[in-house]
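If you want the building blocks of each chain, they are given just below.
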Amino acid sequence: MLSFVEEGHRVLVLWCELTDENSMKKWQEDLKKKVTDEGHVQMENIERLELGNHETGSFDMILCGLFSAKDVYTMEHLAAAAKLLKQKASLVITGTNKGFNYTKESVTSNLKLAGFVNITQHTIQEGGGESSDCFILKANKPSFEVGSSTKLRINLNKKRSAVKEKENAKKIWSLSANDINDDDIDLIDDDDLLTEEDLKKPTAESLKAPCGTAGPKPKKACKNCSCGLAEEIESGVEKLKTKSVNSACGSCYLGDAFRCASCPYLGMPAFKPGEKVELTDDMLKGGL
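Residues numbered from 1 in each chain as written. Predicted model: local features only at pLDDT ≥ 70, side-chain atom pairs only at ≥ 80, totals over all residues. Heavy atoms only, no water.

Description of the sheet that holds strand β3 (residues 59-64)
Strand order across the open sheet formed by 6 strands is β2-β1-β3-β4-β8-β5, with mixed pairing between neighbours. Bordering the open sheet on either side are β2 (40-45) and β5 (117-122), each of which pairs with just one other strand. Taking each pair of neighbouring strands and ignoring which way they run, the sheet shows an average axis angle of 20°. Pairing geometry for β3 and strand β4 (residues 85-96), over 5 bridges, is parallel. Note that in β4 the partner of Cys64 across the bridge is Ile93. Seen against the sheet, helix α1 (residues 21-35) touches β1 (10-15), β2 and β3 and runs at an angle of roughly 150° to β2. Against the sheet, helix α3 (residues 104-113) engages β4, β5 and β8 (134-140), with an angle of about 15° to β8. (Pairing = 2+ DSSP bridges. Helix = DSSP H or I, 4+ residues; strand = E, 2+ residues; numbered from the N terminus. Axes fitted to C-alpha atoms, helices over the stretch in contact; angles between N-to-C directions. Contact = heavy atoms within 4.5 Å.)

As C-alpha cells, this is what we get:
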C-alpha cells in the first residue's frame, strides 16, 4: 500500500483491531520516509476518530486495513473518513473475502453509499502470484464537500417560448368580443340555415303516427290479435268500428304496467273495458 503514498502527503492510517506494536511502528517509519519531512503521518483507531478533532479536508490519503486485512469498516466509518479527506483525495482499503458478509462487493457498495467515486480494484502479489483471498480498493472523494449545493442551470428562454406557443394556440381556438365585431370576419346567420318547411307549424294530424292500413307500410296483425286489427284487414275497413275490446290477457285496459311486451296498446293511456282508445288533440301537443 506504500505505492499509493506520495511525497508531501498528509496520511491518516485507520485501524480496528490492535496488532503487534512493533509492526505498527515499522509501518509508521516506512510511511514517514515515503512522505518525507514535508508530509505528515497520523494513526487513529476508527472507533476514536471523532475524538481526534481533525479538521475537515485535512488529509491527502487515508489507509484502512494496513495492519490487518481482517479489519471491518462500515459505511458509517467510511463516511466519517470521507469528511477528513481533501477534494479529489483518495482512500485505500484492504480486506479479505473470507470474512462473513464482508466481501469486495459489500465494501464497494459501502464506499458508494459513503459518497466515494471512481472505485478501482488493485491486485495483491503474494509468492510471485496474485492473491485471491485479499483485495485492495481505491476510491476518490468527489470534487465537492459533503452538504455543498449548486444552482441548476435552467434554460428559461426555452421555457418562455413554450409558454408563448401555448398562449398562441389558445388564441387560435377562441374568439373575444373584439374579434366578433371585426368586419373582416364573416359569420353565418343561423336563420339562413332554416328552410320554409322547417318554419311551418306542425298540425295535430301530422303528429299522429300511422296506424293499421293508414301508413305507408300497413301493420300486420298478431296471431292472437285482440284489438280488432285482424278483422279490419280481412274486411278492408279503414277505421275500426266502436265495439267491445276483447283482450287475450284481460289486462290491456289497465295501463302499460299490466301489458305484455307485444301488446298493441303499449304506450297508450289506460281505458275502460269496451272503450275505444283515441288520442285527443291536447295529448298530441308538446310539453304534456
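Observations concerning helix α2 (residues 75-84)
Residues of α2 that are buried: His77, Leu78, Ala81, Ala82 and Leu84. One face of α2 carries all of its buried residues, which in axial projection span an arc of 155°. Residues of α2 that are buried sit in contact with β1, β3, β4 and α3. (Buried < 20%, exposed > 50% of the residue type's maximum accessible area, 1.4 Å probe, protein only. Arc of directions from axis to C-beta.)

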